[in-house]
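Each chain, letter by letter, is given below.
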Amino acid sequence: MHDIRAIRENPAAFDDVMARRGLSGVSTQVLAIDEARRARIHAAETAQADQNKASKEVGAAKAKGDETEFGRLRALVGEKKAEVAKLQTEAKELDQQLTDLLMGLPNLPFDDVPDGENEDDNVEIRRWGAPATFDFTPKEHFDIAGVKPGMDFETAAKLSGSRFVVLSGGVVRIHRALAQFMLDTHIEENGLQETWTPVLVRPEMMYGTGQLPKFGEDSYETTNGWWLVPTAEVTLTNIVNGSVVEESYLPRRYVAHTQCFRSEAGSAGRDTAGMLRQHQFEKVEMVSITHPDKSREELDRMTGCAEGILERLELAYRTVVLCTGDIGFGARQTHDIEVWLPGQNTYREISSISVCGDFQARRMNARFKPADGGKPQYLHTLNGSGLAIGRCLIAVLENGQQEDGSIKLPEVLHPYLRGKTVLQADGTLA
């Protein structure tokens with residue numbers, strides 16, 4: 001959400017930044033509602049003062065026995081009382097209109113975020129590793145012989161419909177090993193606090209991180225009004241919802257492994273084959289709660305945490321800065337990490353790491369007390385995948401594939417697989 005005072009003080013600057021997001025003349029609508037709301041509030045206060053004054057004079061008129069004046073003042077008190085109620089109701093309605101409007105506006109990108117319309121305008125900042133080479137034509141994950149016995153889309157479709165999968169045997173053990181490896185690395189080496197959170201949340205939590213009201217169709221709502229989380233960002237970030245913490249509390253760095261649920265409403269026809277884009281999937285999510293002066297630095301630290309996972313898995317990747325046309329609703333800047341998938345002969349996103357500034361904190365009313373005194377300030381929040389487990393599984397399977405349909409597994413996973421090093425062509429580990 002946005003600071004209405006900043007918009008009042010410099011509407012042109014606000015419009016300039018929103019224009020980079022493809023929105024024009026936003027401040028005009030915001031300020032029109034704001035001015036109408038403030039006018040009602042001022043009028044209500046004036047009417048209330050008139051009511052109070054008349055109420056005091058009623059007693060004096062009665063004491064003097066002036067029935068005419070007494071009657072006039074009593075009528076005036078009633079009129080002002082009704083006027084105050086009407087103006088307060090109108091002000092409340094306008095306040096809700098203003099809140100709804102501001103809630104639907106995206107975050108303001110940093111000045112150094114590249115301008116652009118879509119992913120083609122994103123800017124690559126580095127690469128690591130060389131894409132795997134093969135003496136044969138590499139296959140996509142679902143076509144590899146060793147994967148087929150353990151990746152069942154037909155049964156999943158019978159159980160739940162499209163964009164689901166049933167994993168079993170060696171494949172699901174690799175999937176589980178990846179999650180454990182990621183958690184251990186983030187906890188023991190990157191200093192994150194492991195956290196286990198619910199996957200059902202109240203709507204206020206979805207509002208807090210920006211999934212509602214604008215993107216409700218992208219998530220699943222239960223019949224009793226709870227929402228299934230699209231990512232643990234929702235629960236981890238909302239830990240500080242409504243809180244005022246001490247500055248010494250910062251930074252807080254959380255990591256959680258959870259199920260995630262997305263309707264993929266806007267992705268019809270995209271990535272329908274395999275398990276690249278699913279309605280239900282698992283992620284290891286990172287969230288940081290920081291001091292405002294440290295959030296840009298924290299973005300780089302979190303990006304390094306995610307990149308380190310891929311490097312330990314010996315998977316080639318590239319890191320890009322998203323342009324204004326591709327950046328997420330709640331982000332001020334985003335680093336996407338894209339892993340090499342030889343089956344598609346391209347890089348695909350496996351982690352998106354964003355700094356949100358105080359955007360989510362304002363929606364959650366999450367603040368901290370400065371150590372040197374002064375009034376509470378809004379926190380800064382960041383979130384990012386560390387990593388998407390299903391996509392990481394795809395990358396491990398495709399990059400390690402052998403011509404006979406077996407898969408050579410990254411060395412770092414061997415301890416998590418009881419010393420197994422290969423997924424054989426029949427789907428078993430050896």
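Data block above holds the structure.
All of the points below concern the structure found in this document. Only a predicted model underlies this, so the values are computations on that prediction, with no experimental measurement involved. Going along each chain's sequence as written, the residues are numbered from 1 onward. With the structure being a predicted model, the display of local features is reserved for residues of pLDDT at least 70 and the display and counting of side-chain atom pairs for 80 or more, all residues being used for whole-chain, interface and lining totals. Excluded from the side-chain calculations are hydrogens and water; all other atoms, namely the structure's heavy atoms, are used.

**A closer look at the environment of A130**
Argument step 1. Secondary structure elements are defined from DSSP: runs of H or I of at least 4 residues count as helices, runs of E of at least 2 residues count as strands, and each element is numbered from the N terminus. Inspection of the secondary structure puts A130 in the loop between β1 (123–128) and β2 (151–152).
Argument step 2. A130 sits 97 residues away from I33 along the chain, and the two C-alpha atoms are 55 Å apart.

**Thoughts on the nonpolar core**
Argument step 1. If you look at the biggest cluster of nonpolar residues, it comprises 51 residues, and the most contacted ones within it are I174, L178, M182, L313, L393 and L413.
Argument step 2. Taken together, the elements giving at least two residues each to this core come down to α6 (169–188), β10 (280–290), α9 (295–312), β12 (333–341), β13 (346–357), β16 (380–388) and α11 (389–399).
Argument step 3. Among the elements that take part in this core, α6 stands out by supplying eight residues, more than any other.
Argument step 4. Contact between two residues is taken to exist if any of their heavy atoms lie within 4.5 Å; hydrogens are not considered. Excluding its chain neighbours within four sequence positions, the residues that come into contact with M182 are V284, I309, G386, L387, I389 and C392.
Argument step 5. The term nonpolar core refers to a set of buried residues drawn from Ala, Val, Leu, Ile, Met, Phe, Trp, Tyr and Cys, joined through side-chain atoms within 4.5 Å. We call a residue buried when its accessible area falls under 20% of the maximum for its residue type, exposed when it is over 50%, and partly exposed in between, using a 1.4 Å probe and counting protein chains only. Residues M1, I7, L101 and L105 belong to the second largest nonpolar core, which totals 17 residues.

**Some remarks on the environment of I394**
Argument step 1. Among the secondary structure elements, I394 is positioned in helix α11.
Argument step 2. We classify I394 as buried; its relative accessible area is 1%.
Argument step 3. Sequence-wise, I394 and G405 are eleven residues apart; in three dimensions their C-alpha atoms are separated by 15 Å.
Argument step 4. Apart from the residues within four sequence positions on either side, I394 is in contact with H141, M275, L276 and L341.

**Focus: the environment of V229**
Argument step 1. Examined against the element boundaries, V229 turns out to sit in the loop between β7 (227–228) and α8 (233–237).
Argument step 2. On the accessibility criterion, V229 (1% relative accessible area) is buried.
Argument step 3. Counting along the chain gives 30 residues from V229 to Q259, while the straight-line C-alpha distance between them is 8.2 Å.

**Digging into the packing of aromatic side chains**
Argument step 1. Pairing of aromatic side chains here covers Phe, Tyr and the six-membered ring of Trp, requires ring centres within 6.5 Å, and sorts the geometry by plane angle: under 30 degrees stacked, over 60 edge-to-face, intermediate tilted. Throughout the structure, instances matching the rule amount to six aromatic pairs.
Argument step 2. Plain terms: the ring middles of W128 and Y317 are 5.9 Å apart, the flat faces sit at 15° to each other, and that makes the pair stacked. Taken together, the positions of W128 in strand β1 and Y317 in strand β11 (residues 317–321) put the pair 189 residues apart, joining distant regions of the chain.
Argument step 3. Taking relative accessible area as the criterion, W128 reaches 32% and is therefore assigned partly exposed.
Argument step 4. Taken together, a centroid distance of 5.3 Å and an interplanar angle of 65° make the contact between F134 and F136 edge-to-face.
Argument step 5. Connected via pairs of aromatic rings, a cluster forms that spans F215, F329 and F359.
Argument step 6. Only when the NZ atom of a Lys or the CZ atom of an Arg is both within 6 Å of the ring centre and within 35 degrees of the ring normal do we say a charge sits over the ring. Seen from the ring of Y249, R252 lies directly overhead, with NZ or CZ sitting 4.1 Å from the centre.

**Focus on a negative patch on the surface**
Argument step 1. To count toward a patch, a residue needs a relative accessible area over 30% and no salt bridge; like charges are then connected within 9 Å, while nonpolar side chains (Val, Leu, Ile, Met, Phe, Trp, Tyr) are connected within 5 Å. Note on areas: Shrake-Rupley, 1.4 Å probe, and residue coverage restricted to the protein chains presented here. Salt-bridge detection follows one rule: a side-chain nitrogen of Lys or Arg within 4 Å of a carboxyl oxygen of Asp or Glu. Charge counting follows a simple rule: Lys and Arg are positive, Asp and Glu are negative, and His as well as the terminal groups are ignored. A charge is said to be at NZ when it belongs to Lys, at CZ for Arg, at CG for Asp and at CD for Glu. A cluster of like negative charges, contributed by E117, E119, D120 and D121, occupies part of the molecular surface.
Argument step 2. Structurally, the position occupied by E119 is in the loop between α4 (67–103) and β1.
Argument step 3. Given the relative accessible area of 56%, E119 is considered exposed.

**A word on the sheet that holds β10**
One key point about sheets: their strands pair by backbone hydrogen bonds, in either a parallel or an antiparallel sense.
Argument step 1. DSSP-based pairing: two strands are paired if at least 2 bridges between them are found. Spatially, β1-β11-β12-β13-β16-β10-β9-β4 is the arrangement adopted by the eight strands of the open sheet, whose pairing is mixed. Strands with a single pairing partner mark the edges of an open sheet, and in this sheet they are β1 and β4 (193–194).
Argument step 2. Here five bridges tie β1 to β11, and the two strands are oriented antiparallel to one another. Opposite R126, over in β11, you have T319 as the bridge partner.
Argument step 3. Each axis is a line fitted through C-alpha atoms, and for a helix only the stretch in contact is used; angles between axes span 0 to 180 degrees, taken between their N-to-C directions. α6 contacts β4, β9 (252–261), β10 and β16 of the sheet and is inclined by roughly 10° relative to β10.
Argument step 4. Where α9 meets the sheet, it contacts β1, β9, β10, β11, β12, β13 and β16, and its direction lies at approximately 5° from that of β16.

**Focus on the pattern of salt bridges**
Should the charged atoms of two oppositely charged side chains come close, the side chains can pair.
Argument step 1. Applying the stated criterion to the full structure yields 23 salt bridges.
Argument step 2. Among the ionic pairs, D3 bridges to R5, the shortest N-O distance being 3.6 Å.
Argument step 3. Judged by relative accessible area, which is 21%, D3 ranks as partly exposed.
Argument step 4. Put simply, D95 and R37 hold a salt bridge, and the shortest N to O gap is 3.8 Å. With D95 in helix α4 and R37 in helix α3 (residues 26–64), this residue pair connects regions lying 58 residues apart in the sequence.
Argument step 5. Classification of D95 as partly exposed rests on a relative accessible area of 34%.
Argument step 6. Under the relative-accessibility criterion, R37 is labelled buried at 13%.
Argument step 7. Salt bridges sharing common partners tie together R8, D34, R37, R38 and D95.

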